[in-house]
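A structural walkthrough
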Amino acid sequence: MSDYGKEYDVIVVGAGHAGCEAALAAARIGCNTLLLTMGLDTVAQMSCNPAIGGLAKGHLVHEVDALGGEMGRNIDATGIQFRRLNMKKGPAVRAARAQADRMAYSARMKKIIELQPGLDLKQGVVIDLLVGDGRVCGVKTREGLDFCSRSVVLTTGTFMRGLIHIGLQHYSGGRAGEPSSEGLSEVLRELGLTVGRLKTGTPARLSARSIDFSRLEKQPGDKNIKPFSFMTDSIERAQVDCFIAHTNKQTHQVIRDNIKKSALFAGVIEGIGPRYCPSIEDKVMRFPDKDSHQSFLEPEGLDSTEMYPSGLSTSLPPDIQLQYFRTMVGFEAVEIMRPGYAIEYDFVEPNQLRPTLETRRVKGLFHAGQINGTSGYEEAAAQGLLAGINAALSCREESLLIIGRDQGYIGVMVDDLVTQPTREPYRMFTSRSEYRLILREDNADQRLTGVGRRVGLVSDERWEKYQAKQGQVEKGLHLLRQESIKPSDRASMAALGLSELKNGASLETLLRRPEIEISQLASVCPSLQTLSGQALEQLEIAVKYEGYINRQIEQVERFREQEEVQIPEHIDYAGIGSLSSEVREKLSLVRPATLGQAGRIQGVTPAALAVLQVYLRKYKNG
């Protein structure tokens, strides 16, 4: 091995969605950063669906953006269809989703990385970690180079001992057409970390030229596009259509007749797959009474004829895939461009991490993305951002950042990962958050931009824009409280659909009515028209849901009482005889940072928590 001769503050291994955010964050904070990837042409590759956002995932993207990350701006610049989901439901569960031009998304992110000061992008395969005195100090590559650093962030995706399954055939690979990473799993085991095995999958890619779209249901994008990034003012470009297709009884019969040829059902797959995103053969076998399953047919890009049939991931052989696709309406002459496959890979049990995403075993070593047992680009990006921030802060010997469950979905996800056992790939849902009414997409900047500014990640431009928006919100709230509609103002009453108004009412009072929207108030109050769409949306939600929001804020205050009770990291749980052996074992494994976090560990009962609270008081008093 030979030393490269240049020392870095932070090294990030892997240039997927987690790695890109981690590397950019560390460099933007001011650390000399190296991003190592197995292939320079696969930076920010969309290995599965060519889309960003969705239910709860859109919240994560807004939070990444609010902290100063790149994902939101990247999809705004390369999206080809934008839609907001759940618009008929409450604001807590509304979410943005966008189809991406897959190649453009990757190319733009690579360019951003290449132009980032303080960040080197290099091709290399990491096979070992340099560790001394319990702290990571660099990496070794297969190419024979040692790179030294003060922190390392591992974002290995599905590449650690990746094994691809297509029917009963299997071969090593991190994803189709790319090699797996061998050796790193064993290195992590030797460092004392527990390594497990998970599985995911992807559907075939179909040729658009062979599909009869006239027989499918068209799904257009939104007419008025709401960007992901708080820095994007508007998106004006034309959008493409997606389509909705369905399987049928004949499709399901083909799958049943060939089920023994599926790697999943033949018993050759060791890893656990995602329950919420099952393969098509899994759906058919688990729900035998269901005659049809829906699939969204999504374009891979403006300059590509590949189509992505969501919901139809599989590990059946290619010839069977073609056979069942051709039973579907509009797909009678379909051609497969890339077959679907399942992939197994190694991950590291995330309950071995601190809430900062630093491993407890090795100081300065951080994990982010699928190595932590998660799935999804958005979950990976959010973890990568947090890990990159903390890797940088660790180099500066500053206090590391922990995002609480009451601050963001990022905090909910990380807390879940470090306290709960991993039984399947983790995916974010709005239902995972107990405070989802105050963790909305629209107020992500209000919750987290100040945090990003404190750690040095939020630029002056972003900070000024955020402050301007907050000024508009305050101005708007003042207008709503000061301006009123009087009974004599017939024109305004007609515009608002009011038949009568006895004593007059402030705009704030009127906005509380479910049938009145803030856009209607803006039509009768020209001063409101000077406010941005972002400010108006936040105002409307704040007024209409004020009572619910205040109630949830009170819950957060009670929650913080337990979260503020710190637990010393090296406490000897074995010595707390009043706790059961099971509880002592779980507390010793997870090593919660606070009393609140201890209470979220599976098996730690309220009674056990009370015992621990008493012990901590005695411990503190000596």
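Everything in this summary refers to the structure shown in the same document. (Residues numbered from 1 in each chain as written. Predicted model: local features only at pLDDT ≥ 70, side-chain atom pairs only at ≥ 80, totals over all residues. Heavy atoms only, no water.)

Bringing the packing of helix H2 (residues 57-67) against helix H11 (residues 444-455) into the picture now. The interhelical angle for the contact between H2 and H11, taken along N-to-C directions, is 40°, at an axis separation of 7 Å. The crossing of H2 and H11 is right-handed. Mapping the contact onto sequence places His62, Glu63, Ala66 and Leu67 in H2 and Ala444, Asp445, Arg447, Leu448, Thr449, Val451 and Gly452 in H11. The class makeup of the residues in the contact of H2 with H11 is five nonpolar, three polar and three charged. (Axes fitted to C-alpha atoms, helices over the stretch in contact; angles between N-to-C directions. Helix = DSSP H or I, 4+ residues; strand = E, 2+ residues; numbered from the N terminus. Left-handed = near helix turned anticlockwise from the far one by under 90°. Contact = heavy atoms within 4.5 Å. Nonpolar A, V, L, I, M, F, W, Y, C, P; charged D, E, K, R; others polar.)

All right, on to the pairing of strand S8 (residues 126-132) then. Taken together, the six bridges between S8 and strand S9 (residues 135-141) define a ladder with antiparallel strand orientation. Across the sheet, residue Val131 finds its bridge partner in S9, namely Val136. The antiparallel hairpin formed by S8 and S9 contains two residues in its connecting segment, where Asp133 sits at a positive phi of about 55°. (Pairing = 2+ DSSP bridges.)

This part takes up unusual backbone geometry. For Ala44, which is not a glycine, the phi torsion comes out positive at approximately 50°. Along the polypeptide, Ala44 turns up in the loop between strand S3 (33-37) and strand S4 (51-53). The backbone phi angle of Arg591 is positive, close to 50°, even though this residue is not glycine. On the secondary structure map, Arg591 appears in the loop between helix H18 (581-590) and helix H19 (595-599).

Let us look at the sheet that holds strand S5 (residues 79-85). Read across the sheet, three strands follow the order S4-S6-S5 without closing on themselves; strand pairing throughout is antiparallel. Every other strand in the sheet has two partners, leaving S4 and S5 as the edge strands with one partner each. Ignoring which end each strand starts from, the neighbouring axes of this sheet average 20° apart. Here S4 pairs with strand S6 (residues 95-100) via three bridges, running antiparallel. Residue pairing in the sheet places Gly53 in a bridge with Arg97 of S6.

Here we take up helix H1 (residues 17-29). The end-to-end C-alpha separation of H1 is 18 Å, in line with the 18 Å expected for 13 residues at 1.5 Å each. Among the 13 residues in H1, twelve count as buried, and that is most of the element. Within H1, burial applies to His17, Ala18, Gly19, Cys20, Glu21, Ala22, Ala23, Leu24, Ala25, Ala26, Ala27 and Ile29. Positive phi shows up at Gly30, right after H1, with a value of about 120°. (Expected span 1.5 Å × (residues − 1). Buried < 20%, exposed > 50% of the residue type's maximum accessible area, 1.4 Å probe, protein only.)

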